[in-house]
Amino acid sequence: MLKLTIKPGEYLLIGDDIKLVFAGGSSKNLRILVDAPKQYNIVRSEALASYGMAAEPGNEVKHYPDKGISAEAQEKIKSILMAERKRIRREERAAAR
């Protein structure tokens, strides 16, 4: 298992087609954006537990397919990420002084 320290706005690439973006959070919660092809089954451990399943390969929870993200939601996500980047830059400039 790999343990990393990552700042909000940074991301991890897993292979060629999975991107995890860390959007910030608090000491108890972390916001993660997952960009992966639909063929990957991405399920929170809490969801598996609610179905009475162990987090093992082959235990897949099937959900209804997404209808896609609206243009409004996409713009909201972009604005959140841009605001987070600006905040980080301001904090870095202030720390450098």
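Residues numbered from 1 in each chain as written. Predicted model: local features only at pLDDT ≥ 70, side-chain atom pairs only at ≥ 80, totals over all residues. Heavy atoms only, no water.

> What is the right way to look at the environment of Tyr40 in this model?
Its location among the elements puts Tyr40 in the loop between β3 (30–35) and α1 (45–50). Tyr40 gets classed as partly exposed once you look at its relative accessible area, which sits at 37%. Each C-alpha atom, one on Tyr40 and one on Ile18, is 9.4 Å from the other, the two residues being 22 residues apart in sequence. Excluding anything up to four places from it in sequence, Tyr40 contacts Asp17 and Ile18. (Helix = DSSP H or I, 4+ residues; strand = E, 2+ residues; numbered from the N terminus. Buried < 20%, exposed > 50% of the residue type's maximum accessible area, 1.4 Å probe, protein only. Contact = heavy atoms within 4.5 Å.)

> Any chance you could explain the confidence of the model for the protein here in plain terms?
Here the protein shows a mean pLDDT of 81. Residues at 70 or above account for 82%. Within the protein, no element has a lower average pLDDT than α1, which sits at 74, and none a higher one than helix α2 (residues 71–96), at 91. (pLDDT = per-residue confidence, 0-100.)

> Is there a simple way to think about a nonpolar patch on the surface in this case?
There is a patch of nonpolar side chains on the surface, built from Leu30, Ile32, Val34, Tyr40 and Ile42 and spanning about 460 Å² of accessible area. By the secondary structure assignment, Ile32 is in strand β3. (Patch = residues over 30% accessible without salt bridge, like charges linked within 9 Å, V, L, I, M, F, W, Y side chains within 5 Å. Areas by Shrake-Rupley, 256 points an atom, 1.4 Å probe, with all protein chains shown as cover. Salt bridge = Lys/Arg side-chain N within 4 Å of Asp/Glu carboxyl O.)

> Can you help me understand α2 in this one?
With 26 residues, α2 should reach 38 Å at 1.5 Å per residue; the first-to-last C-alpha distance of 38 Å fits that figure. Turning to α2, its buried residues number three or more, namely Leu81, Glu84 and Ile88. On the buried face of α2, the contacting elements are β2 (18–25) and β3. (Expected span 1.5 Å × (residues − 1).)

> What should I look at first to understand the pattern of salt bridges in this one?
Pairing between side chains becomes possible if they bear opposite charge and their charged atoms approach one another. Enumeration over the complete set of coordinates arrives at 3 salt bridges. The salt bridge involving Glu75 is made with Lys78; its shortest N-O contact spans 3.7 Å. In this pair, Glu75 and Lys78 both sit in helix α2, 3 residues apart, roughly one turn of the helix. Residue Glu91 is joined to Arg87 by a salt bridge in which the shortest nitrogen-to-oxygen separation is 2.4 Å. Here Glu91 pairs with Arg87, and both are found in helix α2, just 4 residues apart, close to one helical turn. On the basis of relative accessibility, which here comes to 28%, the residue Arg87 falls in the partly exposed class.

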